[in-house]
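Residues per chain, in single letters:
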Amino acid sequence: MGGSKALRAGAAAVLAVSLAVGCSSQEKPGGSTRSVLTGEKGAAGRVLAVKVDNVRAARPQTGLNDADLVYAIEVEGGLSRLMAVYDSSHLPATVGPVRSARETDLQLLAAYDRPALAFSGAQSRLLPVLKRSPIIMRTGTGAFFRAPDRPAPHNEYVHTKGLADGAGAARDIGLRFAAGVPGGGSAVTVTSSSMPSARFTFTWDTSRYRVAMDGSASPWTADNVIIQRVEVRESRFHSRTGFVPFSGTVGSGSGVVLRDGRSYAVRWSRPAADAGTTYTHQGRTLPLRPGRTWIVLAPA
C-alpha cells in the first residue's frame, strides 16, 4: 500500500472509532465522558427498552427508577402505558409488569439505532413489521415469567440479564445536559399532564420530581420532565376493540420542560425518524439537568 493510501486508511479507521465512541458518549471539557442519555459520568451501554403496564392493577411497577428515560404513551381507551429505556451498564434485575408493543414504539425507538425491545405480544399485523425493523425483539422467551401475587395480564415480568446482548450502543438522541440552571422559565412546584383517561402529576421536592399517576403517589422520581405535545391519530394497526392511538414523534410542536423547580415553554423538533429530538426555549437549546428524564407524549 502506498504512503498516501495508508494515511487515508488510517484516518478512516480513526474516524470510524471516533464515531462509534461518540454514539454512546459526549466528551466534556477536561476529558470526562458523559452518557448521551443522562448527561452523567460514564458512557452509556447498549440500549434495552421495556414496555410497562400502567393501569392501577399494575402498580407499583418494578425497575422504573433504574431507567435512563421513561416515556408515557397513550393507548386504547385513552389510558397510558410506559416505555422504560435502560442502558446495559446499569440494568435492574427485573422489570414489569410487561405489556404489548404498539406502532408508536417503532417510530420512537428509531432514534436509538438498534435497541432491544422487551414486550408481551403485539397486534398480528404489527409483529412482522417489528421483525423487519432494526429493533431486536425480546418476547415470548424464558426470560419472561408470571408473578403469583397479581392477576393476569398485569403479572408478567422479565429478567433483564442478557436482553441487551447484540443491541446497538446508546447514541445521541438530541438531549443536552448542563448542571447549571438555565435562565428564563418560571418557578413551578407542581405540574400535571393528561391523556383522555390518564393523568400524570410531577411535584418538585427541592431535589427531584416525584411522580403521581391518576392522583396516586408512586415510588418513582425524575430529575427532568418533558411534556411533549404530539398529534395523536389512529394507528395503521387496528383493533376490534376500538381506536388504537398512534402518537407521532416526528415533526415539531410545543411542550414544557421541568427541571430544578422551574418550568420552560419549549418547541420540540425531530425532522426524521432516525434523527434525535431537540428542545428549544426562546430559540436556544434547553439543557436538561444530568440524570433521569420522564417524557410524557401528551395529546396536542
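So, about the overall build of the chain. Scanning the chain for helices and strands turns up three helices and 23 strands. Put simply, the chain has 300 residues, and 50% of those count as buried. Counting only contacts in the chain whose residues sit at least 6 apart along the sequence, the fraction spanning at least 24 positions is 64%. Entry remark: accessible area of the chain is about 13,000 Å², with carbon and sulfur atoms responsible for 54%.

Before going further, it helps to spend a moment on the pairing of strand β5 (residues 80-87). Walk down a regular strand and you will see the side chains alternate between the two sheet faces. In terms of burial, β5 is largely enclosed, as eight of its eight residues are buried. The alternating pattern of β5 places Ser80, Leu82, Ala84 and Tyr86 on one face and Arg81, Met83, Val85 and Asp87 on the opposite face, and all of these are buried. Sheet topology places strand β3 (residues 47-52) next to β5; six bridges connect them, and they run antiparallel. Looking across to β5, one finds that Lys51 is bridged to Met83. Inspection of the sheet shows strand β4 (residues 69-74) paired to β5 by six bridges, in the antiparallel sense.

Buried residues dominate strand β16 (residues 224-230), accounting for six of its seven residues. One ladder, built from five bridges, connects β16 with strand β19 (residues 251-259); its direction is antiparallel. Residue Val225 lies in a different strand from β19, and its bridge partner there is Leu258. Bridge count for β16 against strand β23 (residues 293-299) is seven bridges, and the pairing is parallel. Among the inter-strand pairings, Ile227 is bridged to a residue of β23, identified as Val296.

With that out of the way, let us pick up the sheet that holds strand β14 (residues 209-213). Spatial ordering of the open sheet is given by β12-β13-β14-β15, a layout of four strands whose pairing is antiparallel. Lying at the two open borders of the sheet, with one neighbouring strand each, are β12 (190-195) and β15 (216-222). If you compare each strand with its neighbour and ignore which way they point, the axes differ by 25° on average. Pairing geometry for strand β13 (residues 198-204) and β14, over five bridges, is antiparallel. Residue pairing in the sheet places Phe200 in a bridge with Met213 of β14.

Moving on to the sheet that holds strand β9 (residues 144-146). Strand order in the open sheet formed by three strands is β6-β10-β9, and the pairing between neighbours is antiparallel. Each edge of the open sheet is held by one strand with a lone partner, namely β6 (94-95) and β9. Relative to strand β10 (residues 156-159), β9 is paired through three bridges, and the arrangement is antiparallel. Bridge assignment links Phe144 to a residue of β10, and that residue is Val158.

Once that is clear, we can look at unusual backbone geometry. Of the consecutive residues Arg59 and Pro60, the connecting peptide bond is found in the cis state with omega at -5°. Following the sequence through the fold, Pro60 ends up in the loop between β3 and β4. Of note, the phi angle at Asp260 is positive, near 55°, even though the residue is not glycine. One can find Asp260 in the loop between β19 and β20 (262-270).

Cut-off values and rules
- Residues numbered from 1 in each chain as written.
- Predicted model: local features only at pLDDT ≥ 70, side-chain atom pairs only at ≥ 80, totals over all residues.
- Heavy atoms only, no water.
- Helix = DSSP H or I, 4+ residues; strand = E, 2+ residues; numbered from the N terminus.
- Buried < 20%, exposed > 50% of the residue type's maximum accessible area, 1.4 Å probe, protein only.
- Contact = heavy atoms within 4.5 Å.
- Areas by Shrake-Rupley, 256 points an atom, 1.4 Å probe, with all protein chains shown as cover.
- Pairing = 2+ DSSP bridges.
- Axes fitted to C-alpha atoms, helices over the stretch in contact; angles between N-to-C directions.

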